[in-house]
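Chain and residue survey
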Amino acid sequence: MSADLPRGHVPAATPHATTASGRDRVTADLAHVAHTPGVPKPDAIVVADQVTRHFGGMTAVDVGHLEVQRGAITALIGPNGAGKTTLFNLLTGFDKPSTGTWSFEGRSLSGVSAARVARSGMVRTFQLTKALSRMTVIENMLLGATKQSGENLFTALVPPLWKAREKEITEQAEELLVRFKLDAKRDDYAGSLSGGQRKLLEMARALMSKPTMVMLDEPMAGVNPALTQSLLGHIQALREEGTTVLFVEHDMHMVRHISDWVVVMAEGRIVAEGPPEDVMADQAVIDAYLGAHHDTDLGDDALLDDGSIEQLQAEEQANLAAAAADDDREGTR
Amino acid sequence: MDWSRILVNVAGEIFAPTTAAYALAAIGLNVHFGLTGLLNFGQAGFMLLGAYGFAISTIAGWPLWAAVLVAIACAAAFGLLLGIPTLKLRGDYLAIVTIAAAEIVRLVGRSTALTELTGASSGLRGNSYKDTFQDASPFPDGTFALGPFEYAMNASNSWWVRIVGWSVVALACLLVWLLIRSPWGRVLKGIREDEDAVRSLGKNVYSYKMQALVLGGVIGAVAGIIYVLPRAVQPDSMGRPMTFFIWTILLLGGAATVFGPVLGSIIFWVSLMLIKSVMRAGVPESIMRTEQIEQFGWIIVGVTLMLLVIFRPQGILGDKKELAIDVR
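Just so we're clear, the structure is a prediction, and the values are computed from it rather than from any experiment.

**Brief notes about the overall build of chain B**
Looking only at helices and strands, one finds 15 helices and 2 strands in chain B. Computed over the C-alpha atoms, the radius of gyration of chain B is 20 Å, within 12% of the 20 Å expected from 2.2 N^0.38 for a compact globule of 328 residues. The dimensions of chain B, computed from C-alpha atoms along their principal axes, are 60 × 50 × 35 Å. Counting every position in chain B, which comprises 328 residues, the buried fraction comes to 50%. Of the contacts made within chain B by residues no fewer than 6 positions apart, 74% connect residues no fewer than 24 positions apart.

**What about the confidence of the model for chain A?**
Residues and elements named next belong to chain A. With 86% of its residues at a pLDDT of at least 70, chain A reaches an overall mean of 84. Taken element by element, chain A is modelled with least confidence in helix 12 (residues 306-332), mean pLDDT 69, and with most confidence in helix 4 (residues 137-143), mean pLDDT 95. Ignoring residues within four places in sequence, the model shows residues 1-19, a span with pLDDT below 50, making 19 contacts including any to other chains.

**Observations regarding the pairing of strand 10 (residues 269-274) of chain A**
Residues and elements named next belong to chain A. Inspection of the sheet shows strand 9 (residues 261-266) paired to strand 10 by 5 bridges, in the antiparallel sense. By the bridge assignment, Val-262 is partnered in strand 10 with Gly-274. Hairpin connection between strand 9 and strand 10: a loop of 2 residues separates the two successive antiparallel strands, and Glu-267 in this loop has a positive phi of roughly 50°.

**What about helix 6 (residues 163-179) of chain A?**
Residue and element names in this part refer to chain A. Taking 1.5 Å per residue, 17 residues should reach 24 Å; helix 6 reaches 24 Å between its end C-alpha atoms and fits that length. Listing the buried residues of helix 6 in full gives Ile-169, Ala-173, Leu-176 and Leu-177. The buried residues of helix 6 all sit within an arc of 100° when viewed along its axis, so they share a single face. In helix 6, the exposed positions angled more than 90 degrees off the buried face are occupied by Lys-163, Ala-164, Lys-167, Glu-171, Glu-175 and Val-178. If you follow the buried residues of helix 6, they end up packed against helix 4 and helix 7 (195-207). One or two steps after helix 6, the chain reaches Lys-181, where phi turns positive at roughly 55°.

**Concerning the sheet that holds strand 5 (residues 107-108) of chain A**
All names here are of chain A. Read across the sheet, 4 strands follow the order 2-1-4-5 without closing on themselves; strand pairing throughout is antiparallel. The open sheet is flanked by strand 2 (58-69) and strand 5, the only strands paired with a single partner. Examined bridge by bridge, strand 1 (residues 44-55) and strand 2 share 10 bridges and lie antiparallel to one another. Pairing of Thr-52 across the sheet is with Asp-62, part of strand 2. The sheet strands contacting helix 2 (residues 84-91) are strand 1, strand 2 and strand 4 (99-104), and the helix crosses strand 2 at an angle near 65°.

**Considerations on the interface of chain B and chain A**
Each side of the interface is counted separately: chain B has 26 residues, and chain A has 31 residues. Mapped onto the side of chain B that touches chain A, the elements with two or more residues apiece are helix 8 (159-180), helix 9 (183-193), helix 10 (195-200), helix 11 (205-228) and helix 15 (320-325) of chain B. With 7 residues, the top contributor of residues to the side of chain B that touches chain A is helix 9 of chain B.

**With respect to unusual backbone geometry**
Residue and element names in this part refer to chain A. One non-glycine residue with positive phi stands out, namely Lys-210, at about 50°. If you check the backbone angles, Glu-267 has positive phi at about 50° while not being a glycine. Inspection of the secondary structure puts Glu-267 in the loop between strand 9 and strand 10.

Thresholds, definitions, all that
Numbers given for residues are sequential positions, taken from 1 along each chain in its written order. Written order determines the labels here, with chains lettered from A and ligands numbered from 1. Only residues with pLDDT of at least 70 are given local features in this predicted model, and only at 80 or more are side-chain atom pairs given and counted; all residues enter the totals for whole chains, interfaces and linings. For helices the rule is a DSSP run of H or I covering at least 4 residues; for strands it is a run of E covering at least 2, with both sets numbered from the N terminus onward. Here the globule rule is a power law, 2.2 Å times the number of residues to the power 0.38, and the radius of gyration is based on C-alpha atoms. Our exposure labels follow a C-beta count within 10 Å of each residue's own C-beta, placed from the backbone: buried means 20 or more other C-beta atoms, exposed means 12 or fewer, and partly exposed covers the counts in between. Here, residues touch in the contact sense if the C-beta positions derived from the backbone fall within 7 Å of one another. Values of pLDDT, which run from 0 to 100, indicate the predictor's confidence residue by residue. In short, DSSP must find at least two bridges between two strands for them to pair. Multiplying one less than the number of residues by 1.5 Å gives the expected span of a helix. Directions drawn from the helix axis to the C-beta atoms are what define this arc. Axes here refer to lines fitted to C-alpha atoms; in helices the fit is confined to the stretch in contact. Angles between the N-to-C directions go from 0 to 180 degrees.

Now the structure itself:
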């Protein structure tokens, strides 16, 4: 990738540099970062320290140190119950941590309310989509906008004070709706949209505030493959515009395809970090989460013939036997 | 059966002061429930506080405008007090707290310890606080007949209280109409749908819910003033049944609409009066006594309204499509 760049090119340090495309710049920035959990990044937008969250006796999140690179697409993966969503909730002010501090763009966000976190430029979406059902698509979008003075009770009574801003944000909303192919649904109730369209709407709504960082909680869950492609495109477009993206996802194709950096969580801790290819080859990650055949497309018809199934079964047997032998050796020691 | 007298009585309910008071109280509740999704089951408490605030300060010799301000301030303080501990909780807790708080207002009002101030359970006589309002009337005293409707010009159940009452209702409708179409109203609707989503978009949900609670409560307090102007302040006549009538009116007319509460109030009081007068005239004393007819009227109204709410849950003016998406 760096071969495309002129010799001696130095990656721009400014966050919104447009000299190189987003992906190249981020890749160059992250090229010399070690692949160890909690490693410092050259230009971190989020820095979290000693963040823990206990539910009774259970520790849901126990993150020693985490940095998220500005302008990059960072994926947060891990098995169910690994604490990914809880960490999301903590970072965005939807939950209070047991201990820990974190900062966003150098400002401390620990103990700050969810609304103020959003106003500071870190906007999130939810795993279970929260479309506002009994409002129209365009109303949903307009709600995402900032600096609408008509949202003050007294200003609201004098329309001339907020009509101009309303027109601006309506135009902005319509542009976004076109981008997300929801413009035909503009005046429909959000509750009448399909699950995938609601995901799109939620993401478009989050973008209304022009955030510096978006946090997407399983953006692909329940979205059909055709829509997945366009969602992927939207997320990559965000990076090109300089927006930082942190997302939780189980779909490994998506993770491999678009993320610049992958953080793996298990049992509340960060167990691995690195570029997608490296992380997915990491034996610890494969054991904890991915499984030996994570690269195999289970929808591939070739898998259905008896030969390959037998071969897979044989491999699994061999793995199990090897694991058992390992255990035995441990035991005799 | 004297149909013309019955019809005049029934038609008189359309613009009666009580109808206006209930319409106004339902407009306040609409700000709570229809716009914001707050389950306030203590609207009668706001009305009673408004009535007490107005009556007591007038008796103390305060001018009309000051007495109205006192009523508004009482409701605003009550709303703040209720909201601080409860608005961070889930909606159903607010319902429990508000119903209890309204009962507290009523029970404190009727307690003998406050006889000097509130008149305890016998309440405050109308004539002790009506003067400033009646003196503010630009009309000459006496009675005035408009077609078949003949009422006193200024005294008690008068044209004056009707004119003022319905003007205030019109103003409140205008206020809600402006707010419902404004970005402020949009945030409230968002909160009604999903608080967390609105929070994730950077809005201070708690502050918006507080504004809605106080605004609706203040409208309720003004409704309380209009309610007691043609009668007396009677704490026991402003208890839980009143709250439930207001809810019925709101659901009947259609929540989250501008004119729903007004239409609901008119239909509610007109149909009640119709049933009662027809039965009084048509059912012989041997089958049902007058006081039983009174009770029976409420039963008929209750059943009719149940049917309405079952078969037309969005109310008369509500948008069926809006409700069909997600009935919660």
